[in-house]
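# Structural overview
Take a look at the letters that make up each chain.
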Amino acid sequence: MTMMLPDANGDMSRCTPGVHHPHAGTSYDGKMADLESPEVEWARRLLAGDAGAFTPFVESFQSKVFQYTWLMCAQREDAEEVAQDTLVKVFESFDQLRDPRLVKAWVFRIAKNYCLMKRRRSVFAPERELSLDELMPGPDSDGLALAGRVPDQAALPEAQMLQAELGHELHAALSELPESYRSVVLLRDVEELTTAEAAQVLDLSQDVVKQRLHRGRLALRKRLAGYLNNEGGKGV
Amino acid sequence: MKNSEPERPAHGPADASCVEVFERLSEYLDGELTPADCAHIEEHIRDCPPCVAFLESLRSCIRASHSLLAEHPASRPLPEDVCEKLKAAWQAALQRLGA
């Protein structure tokens, strides 16, 4: 399997208001990160025959693939089997990884395929489409006045409890997303793949990835807003 | 959309310019808009509290998704025979590469 570079445009003329995370080598800005992620470094060393990179590479991707599959399929046994099958395939075809910088997209592409085989139906055929109309807030709904009600993780006195509740609600909301949206949200917002990488993993255009990501995020926000509203007096 | 326009109608979901911004907020947050499109959105939200509120709520949800969903659940360690299989496959791949 030979992969193209995630973003051949290299367009640096984008604005970056951003939702950035402090993880090295990753960003939400849709561009290749300037800093090399640990996974890229391990892949580079493995291609050079460095056995010291084997264990961290395996442990990192076993965990990432397990999580991705677990959130996609909600079956622990399936997730562990897919993670294992993915790693076997990765190493069996490691000589086909032409560019270590592409390792995350390459591994997740393999994982996605095993996930599909496990589920025996395509993530490319969503059960339903999410329309912007249904995600647009109404004039009297939670709508446009929600800001500040989603808990800031660090600022609330009940932060731990709220975090647990919010995490539970997020998992529930994610599981209710159609698969095609769920996979995009997971790859972009959880695993921090770029738009280009997610497009390669899912065999979609970048425009479709952006559209599904936005609608998926809006659906999660809407679900979260309802939860917070129902909680009423918590003041979050 | 300047503050000097007192006759401006109320913003909100029925406002076409708000809908236009609403449709592109993820791209805005991801820094995937051109500078011109970015400036257009920023000009709008500078004077549109409902859109600012929605933008902040979306940003909070994205951050929550990352921080809460990215807490990797524990998976069982790979069995020793699987690890050996992976190493053997890696060595074979290196041989094919001529490393």
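Since the model is a prediction, treat every value here as computed from it, not as a measurement. (Residues numbered from 1 in each chain as written. Chains lettered and ligands numbered in written order. Predicted model: local features only at pLDDT ≥ 70, side-chain atom pairs only at ≥ 80, totals over all residues. Heavy atoms only, no water.)

## Regarding the environment of Lys 104 of chain A
- Mapped onto the fold, Lys 104 of chain A is located in helix α4 (residues 103–119).
- Separated by 57 residues in the primary sequence, Lys 104 of chain A and Leu 47 of chain A place their C-alpha atoms 15 Å from one another. (Helix = DSSP H or I, 4+ residues; strand = E, 2+ residues; numbered from the N terminus.)

## Focus: the pattern of salt bridges
- Considering all chains together, one arrives at 18 salt bridges over all chains under this definition.
- The closest approach of N and O atoms between Asp 203 of chain A and Arg 109 of chain A, which form a salt bridge, is 2.9 Å. A residue pair is termed long-range when its members are at least 10 positions apart, and Asp 203 of chain A in the loop between α8 (195–202) and α9 (206–231) and Arg 109 of chain A in helix α4 qualify at 94 residues.
- A residue is classified by how much of its surface remains accessible, and Asp 203 of chain A, at 48% relative accessible area, is partly exposed.
- Two residues, Arg 188 of chain A and Glu 32 of chain B, come together in a salt bridge whose shortest N-O distance is 3.9 Å. In this pair, Arg 188 of chain A is assigned in helix α7 (residues 179–190) and Glu 32 of chain B in the loop between α2 (25–29) and α3 (35–46), connecting two distinct chains. Take Arg 188 of chain A and Glu 32 of chain B: they sit in the same class, and that class is buried. (Salt bridge = Lys/Arg side-chain N within 4 Å of Asp/Glu carboxyl O. Buried < 20%, exposed > 50% of the residue type's maximum accessible area, 1.4 Å probe, protein only.)

## Thoughts on unusual backbone geometry
Residue and element names in this part refer to chain A.
- Positive phi values are uncommon outside glycine, yet Glu 192 reaches one of about 65°.
- Among the structural elements, Glu 192 can be located in the loop between α7 and α8.
- Residue Asp 203 is not a glycine yet carries a positive backbone phi of 55°.

## Quick word on the packing of aromatic side chains
- This structure, assessed with the given rule, holds 9 aromatic pairs over all chains.
- What links up through ring pairs into an aromatic cluster is the set Phe 54, Phe 57, Phe 61, Phe 91, Phe 94 and Trp 106 of chain A together with Trp 90 of chain B. (Phe/Tyr/Trp six-rings, centres within 6.5 Å; stacked < 30°, edge-to-face > 60°.)

## Remarks on the packing of helix α3 (residues 76–92) of chain A against helix α5 (residues 80–97) of chain B
- α5 of chain B packs onto α3 of chain A with a crossing angle of 25° between their chain directions and a minimal axis gap of 7 Å. Comparing their axes, α5 of chain B and α3 of chain A come out roughly parallel. On α5 of chain B, the residues that touch Gln 84, Leu 87, Val 88, Phe 91 and Glu 92 of chain A of α3 of chain A are Val 82, Lys 85, Leu 86, Ala 89, Trp 90, Ala 93 and Arg 96 of chain B.
- When its residues are assigned to classes, the contact of α3 of chain A with α5 of chain B shows 8 nonpolar, 1 polar and 3 charged. (Axes fitted to C-alpha atoms, helices over the stretch in contact; angles between N-to-C directions. Parallel < 35°, antiparallel > 145°, perpendicular 65-115°, else oblique. Contact = heavy atoms within 4.5 Å. Nonpolar A, V, L, I, M, F, W, Y, C, P; charged D, E, K, R; others polar.)

## Details of the side chain of Thr 69 of chain A
- Locating Thr 69 of chain A in the fold gives a position in helix α2 (residues 54–73).
- Setting aside anything within four residues of it in sequence, one finds Thr 69 of chain A in contact with Ala 74, Asp 78, Ala 79, Val 82 and Cys 115 of chain A.

## Some remarks on the nonpolar core
- Core analysis: the largest hydrophobic core is formed by 53 residues, its most contacted members being Leu 174, Leu 177 and Leu 187 of chain A.
- Setting aside anything within four residues of it in sequence, one finds Leu 174 of chain A in contact with Leu 71, Arg 182, Val 185, Leu 186 and Leu 220 of chain A together with Leu 69 of chain B.
- Judged by nonpolar contacts, the second largest core, of 34 residues, contains Phe 54, Phe 61, Phe 94 and Trp 106 of chain A. (Core = buried A, V, L, I, M, F, W, Y, C linked by side-chain atoms within 4.5 Å.)

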